Amino acid sequence: MKIPSRISAVLLSLLLPALAAAADHTSPSVGADVALARLKAGNQRFASASVSSSKPVAARRAATVNGQHPFAIIVGCADSRTPPEIIFDQSIGDLFVVRAAGNLVDDYGLGSIEYAVEHLGARLIVVLGHQKCGAVQAALSGGEAPGHIHALVSAIQPAVQATKGKPGDPLSNAVHENDALVAEKIRKKARLGDLTSQVRVVEGCYDLRTGKVEWAK
Ligand SMILES: [Zn+2]
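Residues numbered from 1 in each chain as written. Predicted model: local features only at pLDDT ≥ 70, side-chain atom pairs only at ≥ 80, totals over all residues. Heavy atoms only, no water.

Caption draft 1: View of the overall build of the protein chain. Helix and strand counts for the protein chain stand at eight helices and five strands. A buried classification covers 37% of the 217 residues belonging to the protein chain. Of the contacts formed within the protein chain by residues at least 6 apart in sequence, a portion of 74% connects residues at least 24 apart. Accessible area for the protein chain stands at about 12,200 Å²; split by element, carbon and sulfur atoms hold 60% of it. (Helix = DSSP H or I, 4+ residues; strand = E, 2+ residues; numbered from the N terminus. Buried < 20%, exposed > 50% of the residue type's maximum accessible area, 1.4 Å probe, protein only. Contact = heavy atoms within 4.5 Å. Areas by Shrake-Rupley, 256 points an atom, 1.4 Å probe, with all protein chains shown as cover.)

And the structure:
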């Protein structure tokens, strides 16, 4: 008889934080504008520093064991030179990051975004492309891509086609267009219900050389 009551106590201790989190699911971490200002300030710190600032990671790790409340969602490229936590000078628990080559989103990505908005309180979605993106370059170069790389390149082709013949650098133009198309896809396809009006989707483009993120409009 004692064992079931112990089990139910354990179950209750596991369930209570989950229920509390569920009840809290529509309250934002911070509003979209505040989140964007925080990212801009973080990027400024990163771009102007020659060494990464030391962070109290053990304390943050401990503080986030039982829950997370990230203030922004970053849809970034898988490129190893574009880690969002470093670029925006943030720590554990701050950013909910979805990454694939070419900062593309598929159904898994959209589901992740919906989860972070509905259950974790994030209200800002940043599509973070970058200059010299290899995935966009591959789409620009054309030709047959092997294996699953074909799927990535095909998904970036609309950006290449839309910018064909435009003045300026073809790769940079395609990178910006790809950012815009991914942002548009998120706006159209992410099912955010009555939270839609609270959510902002913005495009940023990271410069590998300067460390700065250039924001669209
Ligand atoms: Zn890339």
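Now that the structure has been shown, the text picks up again.
Caption draft 2: View of the state of the cysteines. According to the stated counting rule, one finds zero disulfides in the structure shown. Here Cys205 stays unpaired: no disulfide links it, and the sulfur of Cys133, its closest cysteine neighbor, is 9.1 Å away. (Disulfide = S-S within 2.5 Å.)

Caption draft 3: Highlighting the sheet that holds strand S3 (residues 124–130). Ordered by their spatial adjacency, five strands build an open sheet running S2-S1-S3-S4-S5, and the pairing between neighbours is mixed. For this open sheet the edge positions go to strand S2 (95–99) and strand S5 (213–215), each flanked by a neighbour on one side alone. Across the sheet, the axes of successive neighbouring strands diverge by a mean angle of 30°, strand direction being ignored. The strands that helix H5 (residues 107–120) touches are strand S1 (72–76), S2 and S3; relative to S2, the one it contacts most, it runs at about 170°. Here helix H8 (residues 170–189) sits on the sheet in contact with S1, S3, strand S4 (200–206) and S5, set at roughly 160° to S4. (Pairing = 2+ DSSP bridges. Axes fitted to C-alpha atoms, helices over the stretch in contact; angles between N-to-C directions.)

Caption draft 4: Fine view of the nonpolar core. Core analysis: the biggest nonpolar cluster contains 35 residues, and Ile73, Ile113, Ile125 and Ile186 have the highest contact counts within it. Elements with a minimum of two residues in this core: S1, S2, H5, S3, helix H6 (134–141), helix H7 (149–163), H8 and S4. If you tally residues by element for this core, the top one is H8, at six residues. Excluding residues within four positions of it along the chain, Ile73 makes contact with Phe96, Ile113, Ala116, Val117, Ala122, Leu124, Ile125 and Val126. Val30, Ala32, Ile74 and Tyr206 belong to the second-largest nonpolar core, a separate cluster that totals 17 residues. (Core = buried A, V, L, I, M, F, W, Y, C linked by side-chain atoms within 4.5 Å.)

Caption draft 5: The side chain of Thr82, seen in detail. Tracing the sequence through the fold places Thr82 in the loop between S1 and helix H4 (84–87). Reaching out from Thr82, the side chain makes a polar contact with the backbone oxygen of Cys77 at a distance of 3.2 Å. Polar contacts involving the side chain of Thr82 include one to the main-chain carbonyl oxygen of Asp79, which spans 2.9 Å. (Polar contact = N/O pair within 3.5 Å; in protein donor to acceptor, adjacent residues only side chain to side chain.)

Caption draft 6: Up close: the coordination of the zinc ion. Looking at the zinc ion, the protein donor atoms are Cys77 (SG), His130 (NE2) and Cys133 (SG), and they sit 2.0 to 2.3 Å from it. Sequence spacing of the donor residues for the zinc ion, all on one chain, is C-x52-H-x2-C. Here the residue Cys77 occupies a position in the loop between S1 and H4, and His130 occupies one in strand S3, the gap between them amounting to 53 residues. (Donors = N, O, S within 2.8 Å, 3.2 Å for Na, K, Ca; no water.)

Caption draft 7: Region of the structure containing the pattern of salt bridges. According to the stated counting rule, one finds seven salt bridges in the structure shown. Ionic pairing is found between Arg45 and Asp89, a salt bridge with its closest N-O pair at 2.5 Å. Here Asp89 lies in the loop between H4 and S2 and Arg45 lies in helix H2 (residues 32–48), a separation of 44 residues in the sequence. By relative accessible area, Asp89 is classed as buried at 12%. Two residues, Asp79 and Arg81, come together in a salt bridge whose shortest N-O distance is 2.8 Å. Looking at Asp79, the relative accessible area reads 15%, which means it is buried. A network of salt bridges, in which partner residues are shared, links Arg45, Lys55 and Asp89. (Salt bridge = Lys/Arg side-chain N within 4 Å of Asp/Glu carboxyl O.)

In short, the description is geometric, and any link to function would need to be established separately.
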